[in-house]
Structures are given as C-alpha cells and as structure tokens.
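# Descriptive analysis of the structure
Each chain, written out:
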Amino acid sequence: MPNEAQVIPLHTAKRPRPATNGTNGTNGSGGSGGSERALAPVRKVRPRAGAAKKPESRGLLADAAGFLRRRLAGDYDVDEFGFDPDLTDNVLLPPLRLLYDKWFRVEVAGVENLPAEGGALVVSNHSGTLPIDSVMTAIAVHDNHPEHRYLRMLGADLVFQIPVLGELARKTGQTLACTEDAERLLSAGELVGVWPEGFKGIGKPFRDRYKLQRFGRGGFVSAALRTGVPIIPCSIVGAEEIYPKIANLGPVARLLGLPYFPVTPTFPLLGPLGAVPLPTKWRIEFGEPIRTDDYPAAAADDPMLTFNITDQVRETIQQTLYRMLARRRSVFFG
C-alpha cells in the first residue's frame, strides 16, 4: 500500500526577522498580532548539476515516470496550507505556461527587487474580469527569480468555495486572504501575493481600465508591519483588455451567487468560445521595496500610519501603470 505524502508541520521556534534587501537577478482584514509559528521550508526538486541532457521526448517520459513513482510512493511534501510543490511544478504550471509564454507573451521587469530569501509582500493591481493576472504573476515570480521562489497568493473566499478550483488553489499554495494566514506565511520567510482591489478591480467596467479601485482597509500593510517584511509594488499592463467588460447582468449574478456576471464583446454571445481571452501583450513590473522594519512593533495598530503606507503603495502602482501605458504602442504587440 502506497505511503502517504509527508505533511510539513508548523513549529513554534522563533525565527530571526528576514533580511529585506533585494538581490540582483534577471484583501486582508485586521487580525491578531504576529505569530511566532513558522512553516518549515518546502523542499524544491531541482535537476542535478552537470547532469547530461536527454533527448526531449525521453526527458519528458523520464520526468513523467519519476513523478508517478513519487506520487505512488508518497515521496512528496505538502504543507499545512495544502501546498503541493511537486504537483504544482509537474502538472499544474506547464499548461498555464502556454498562456504565459505563447498567448500573453509576458515580459517581466524588476525581478531584482524580490528578495533572494526571506519574506516579502507583493502587492499588485487587479483586472481582467477573471483573475488570470494573479496566476500569471505567480509564474512570473517562479520562472524569473534566480531561486525560482513560489508566490503564495491570498485569494477571496469565493475561490475556495468553487468545487475543484478551490482544491487546485490550495495545491498551488493559495490560501484565504486573512491577516493571520498572511502573517504566518510571511514569518516563515515566504513570498506572499495580495490583490487589494479584490472583485472591485477585476469586475470594473472597461471604461475604467487601469484606474485603481480602493485598496480595502489596509490589512496587508498591518501584516507587513507586524512581520517586518518589505512591500513590493507590482504593476501589470495587458490584463485589462483580455475580457473587455461592457455590461453586468446583475440578476444573473445574484442568482448564481457571484459578485458580477460580465458581458463582453464575445461572451455570452459566442458561448464557450467567448471564454477565450484576447491575446494581449502583457508586461509585469516589480517595483522597489517599501521597507517596514524601521517601524516599532506597535506601528501595525496605528490606523493613520497604515493608511499612509497603503496610499503610498497604491499611488506607486498607479503612477507605474501610467508610465508603462505611455510607453505601450499596441495592446496586442506591446
């Protein structure tokens, strides 16, 4: 009988505060104080240095066989949030990379602003009618960072209430957008991603594209202050145009329990074909870190300071979007 996957336990040993300086390289709400519990690091599966290259078809077969052996033997790790890096790397990310590389042709800048190790909070604008931008950002971090770090995304309750999707979200390292979970991940030295506009951002009309909505109550800033990690502003251009939302069918949305039911030029007119996103050209830029480790421990409970930092992050992203748009010549060719 196959063994079960190893569950990485939480421990209570206090870790030193992670360094906040970057290294060179190519909707939360208020909660309890910072926790000293931390997640044990997830094991990364990497090829052996100097290993001879196999023919592509043989390499793919060998990788698939190795993956199946690990699954049958239970030789893989899952943390207490449900994150399964082996499944993520070998099954879930490869098809999404087709969208990333071939369809949206994502270009990434500012990866050197992400720390090589230790916790950091990546805060991004949100758009596109469907939250594809969060997934593309996670791939941008993993594939471009020198250490191939994972972005642990904070998602809305609705994501985890949808059958299959909720389970897959857990497997890829996502968790609920609550301050307690954010602080635990940050204290464990993880990169955490948050999209504070929430449904207001992805569900806004096409006429309001690239105009940032309100950033909630600043719960993400409180989490960063309590854990002393840097905040990395992230700006995404290209996602606004994949599903141009021209109307909202409110009665249908209420019937289905959704925040909105979009009408685009192709959906629902073309049925399932209308769910194919337009092949816009994307650019994702990670800005300079905003340090939080200089503030006292009680700073997280200061509403005025929290508001000021939230406004600083929002304004940084907004101005970066304007600059990126000024340089863009074409929605589809960049």
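An unreviewed UniProt entry lists the chain under the name 1-acyl-sn-glycerol-3-phosphate acyltransferase, with Labedaea rhizosphaerae given as the organism.

Buried residues dominate strand E7 (residues 151-155), accounting for 5 of its 5 residues. Every second residue of E7 is oriented toward a common face, with Leu-151, Met-153 and Gly-155 on one face and Arg-152 and Leu-154 on the other, all of them buried. With 3 bridges joining them, E7 and strand E9 (residues 191-194) adopt parallel strand pairing. Directly across from Leu-151, in E9, lies its bridge partner Leu-191. In this structure, E7 lies alongside strand E8 (residues 175-176), joined through 2 bridges in parallel fashion. By the bridge assignment for E8, Leu-154 is matched with Thr-175.

As a further point, take the nonpolar core. Taken as a class, soluble globular proteins show a tendency for nonpolar side chains to be buried jointly. Formed by 30 residues in total, the largest nonpolar core has its most connected members in Leu-121, Val-123, Phe-220, Ile-231 and Val-313. Listing elements by their share of this core, those giving two or more residues are strand E6 (120-124), helix H6 (179-187), E9, helix H8 (219-227), strand E10 (231-237) and helix H10 (303-327). The leading source of residues in this core is H10, at 6 residues. Filtering out sequence-adjacent residues up to four positions away, Val-313 remains in contact with Val-123, Phe-215, Phe-220, Ile-231 and Ile-290.

Taking 1.5 Å per residue, 13 residues should reach 18 Å; helix H3 (residues 132-144) reaches 18 Å between its end C-alpha atoms and fits that length. With 10 of its 13 residues buried, H3 lies for the most part within the structure. For H3, the elements touching its buried residues are helix H2 (85-103), strand E5 (107-109), E7, E9, E10 and strand E13 (283-286).

Another aspect to go through is the sheet that holds E5. Strand order in the open sheet formed by 7 strands is E5-E13-E10-E6-E9-E7-E8, and the pairing between neighbours is mixed. The open sheet has two free edges, formed respectively by E5 and E8, since each of these has just one partner strand. Note: E10 against E13, 4 bridges, orientation antiparallel. Note that in E13 the partner of Val-237 across the bridge is Arg-283. Sheet strands in contact with H8 are E6, E9 and E10, and its direction is about 160° off that of E6.

Residue pairs spaced three or four apart in an α-helix point in one direction, given the helix's 3.6 residues per turn. Across its 18 residues, helix H1 (residues 56-73) extends 26 Å between first and last C-alpha, which sits within 8% of the 26 Å expected from 1.5 Å per residue. Taken together, the buried positions of H1 are occupied by Gly-59, Gly-66, Phe-67 and Arg-70. Down the axis of H1, the sector holding all buried residues measures 100°, keeping them to one side. Every exposed residue of H1 that faces more than 90 degrees away from the buried side is listed here: Arg-58, Leu-61, Leu-68, Arg-69 and Leu-72. Buried positions along H1 lie against H2. Immediately beyond the C-terminal end of H1, within one or two residues, lies Gly-74, with a positive phi of roughly 70°.

Another aspect to go through is the packing of H2 against H3. Two elements in contact, H2 and H3, have axes separated by 10 Å at closest approach and are oriented at 105°. Viewed along their axes, H2 and H3 adopt a mutual orientation that is roughly perpendicular. Of the residues in H3, those in contact with Asp-89, Leu-93, Leu-96, Arg-97, Leu-99 and Tyr-100 of H2 are Val-135, Met-136, Ile-139, Ala-140, His-142, Asp-143 and Asn-144. For the contact of H2 with H3, the per-class residue count stands at 8 nonpolar, 2 polar and 3 charged.

As a further point, take unusual backbone geometry. Backbone torsion omega between Phe-267 and Pro-268 reads 5°, so that peptide bond is classified as cis. Within the secondary structure, Pro-268 is located in the loop between strand E12 (262-263) and E13. For His-148, which is not a glycine, the phi torsion comes out positive at approximately 50°. Turning to its location among the elements, His-148 is positioned in the loop between H3 and E7. Its relative accessible area of 32% is what places His-148 among the partly exposed residues.

Here the focus is the pairing of E13. Where E5 and E13 come together, 3 bridges link them in parallel fashion. The residue of E13 that forms the bridge with Val-108 is Ile-284.

Let's shift gears to the pattern of salt bridges. Under the defined criterion, the tally for this structure stands at 16 salt bridges. A salt bridge links Arg-70 to Asp-86; its shortest N-O distance comes to 2.9 Å. With Arg-70 in helix H1 and Asp-86 in helix H2, the pair connects residues that are 16 residues apart, well separated along the chain. Judged by relative accessible area, Asp-86 falls into the buried class, the value being 5%. For Arg-283, the salt bridge is made with Glu-107, and the minimal N-O distance between the two is 3.3 Å. One end of the pair, Arg-283, is in strand E13; the other, Glu-107, is in strand E5, and 176 residues separate them in sequence. Take Glu-107: its relative accessible area is 37%, and that puts it in the partly exposed class. Overlapping salt bridges bring together Arg-70, Arg-71, Asp-84 and Asp-86 as one network.

Cut-offs applied
Residues numbered from 1 in each chain as written. Predicted model: local features only at pLDDT ≥ 70, side-chain atom pairs only at ≥ 80, totals over all residues. Heavy atoms only, no water. Buried < 20%, exposed > 50% of the residue type's maximum accessible area, 1.4 Å probe, protein only. Helix = DSSP H or I, 4+ residues; strand = E, 2+ residues; numbered from the N terminus. Pairing = 2+ DSSP bridges. Core = buried A, V, L, I, M, F, W, Y, C linked by side-chain atoms within 4.5 Å. Contact = heavy atoms within 4.5 Å. Expected span 1.5 Å × (residues − 1). Axes fitted to C-alpha atoms, helices over the stretch in contact; angles between N-to-C directions. Arc of directions from axis to C-beta. Parallel < 35°, antiparallel > 145°, perpendicular 65-115°, else oblique. Nonpolar A, V, L, I, M, F, W, Y, C, P; charged D, E, K, R; others polar. Salt bridge = Lys/Arg side-chain N within 4 Å of Asp/Glu carboxyl O.

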